[in-house]
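Structure at a glance
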Amino acid sequence: MDFLLIIGATLTVLIGAAHSYLGEQYILVRLFRRSDLPQLFGSDTFTKQTLRFVWHLTTIAWIGLASVVLIGVVVPSSEQISAILKAISITFFISSVVTLVASKGRHFAWIVFLAISVLVWMGS
């Protein structure tokens, strides 16, 4: 049973890495060459940055889910709920930091991600 969870978690991380790498190479780069992207805040830079970090947030979420799967293997069952909540909190914290840095603070989702992170951590 543990072996199956480890394989599942590993595949989750691998598909996340493939999603980020291949998406960057074959989708985002081609999309960003277009001249008709919406211009927000005076240019299409904000649009491109938002598309890029949102694309990679999917990978962060999948890695967070992989950590939840691995909790089933490495954490005693009496402590699993707390560990799962902390893994979710950390995933939202990383999402907050990525959103803050990538958007230079202009995309306000980072505030919500941070609030979720803190609330879930405190509740765990």
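Anyway, here's the lowdown on the structure attached to this text. This one's a predicted model, so the numbers in the text were calculated from it and none came from an experiment.

Before going further, it helps to spend a moment on a nonpolar patch on the surface. A cluster of nonpolar side chains, namely Ile90, Phe93, Ile94, Val97, Leu100, Val101 and Trp121, defines an oily patch on the protein surface of about 610 Å² accessible area. Here the element with the most residues in the nonpolar patch is helix H3 (residues 80–103); it accounts for 6 residues. With respect to the helices and strands, Val97 occurs in helix H3.

Another aspect to go through is the packing of helix H2 (residues 45–74) against H3. At a closest axis distance of 9 Å, the pairing of H2 and H3 adopts a crossing angle of 165°. In terms of orientation, H2 and H3 fall into the roughly antiparallel class. Seen along the crossing, H2 lies across H3 with a hand that is right-handed. Contacts between H2 and H3 involve Phe46, Gln49, Phe53, Leu57, Ile60, Ala61, Gly64, Ser67, Val68, Ile71 and Gly72 from the first element and Gln80, Ala83, Ile84, Ala87, Ile88, Thr91, Ile94, Ser95, Val98, Thr99, Ala102 and Ser103 from the second.

In this section: the pattern of salt bridges. Pairing is possible between side chains that carry opposite charge, provided their charged atoms lie close to one another. Per the stated rule, a full pass over the model turns up 3 salt bridges. Of the charged contacts in the structure, one is a salt bridge between Glu24 and Arg52, with a shortest N-O distance of 2.5 Å. Note that Glu24 is positioned in helix H1 (residues 2–32) and Arg52 in helix H2, a separation of 28 residues in sequence. The class of Glu24 is buried, set by a relative accessible area of 18%. A salt bridge links Asp44 to Lys48; its shortest N-O distance comes to 3.5 Å.

Rules of the game
Residues numbered from 1 in each chain as written. Predicted model: local features only at pLDDT ≥ 70, side-chain atom pairs only at ≥ 80, totals over all residues. Heavy atoms only, no water. Patch = residues over 30% accessible without salt bridge, like charges linked within 9 Å, V, L, I, M, F, W, Y side chains within 5 Å. Areas by Shrake-Rupley, 256 points an atom, 1.4 Å probe, with all protein chains shown as cover. Salt bridge = Lys/Arg side-chain N within 4 Å of Asp/Glu carboxyl O. Helix = DSSP H or I, 4+ residues; strand = E, 2+ residues; numbered from the N terminus. Axes fitted to C-alpha atoms, helices over the stretch in contact; angles between N-to-C directions. Parallel < 35°, antiparallel > 145°, perpendicular 65-115°, else oblique. Left-handed = near helix turned anticlockwise from the far one by under 90°. Contact = heavy atoms within 4.5 Å. Buried < 20%, exposed > 50% of the residue type's maximum accessible area, 1.4 Å probe, protein only.

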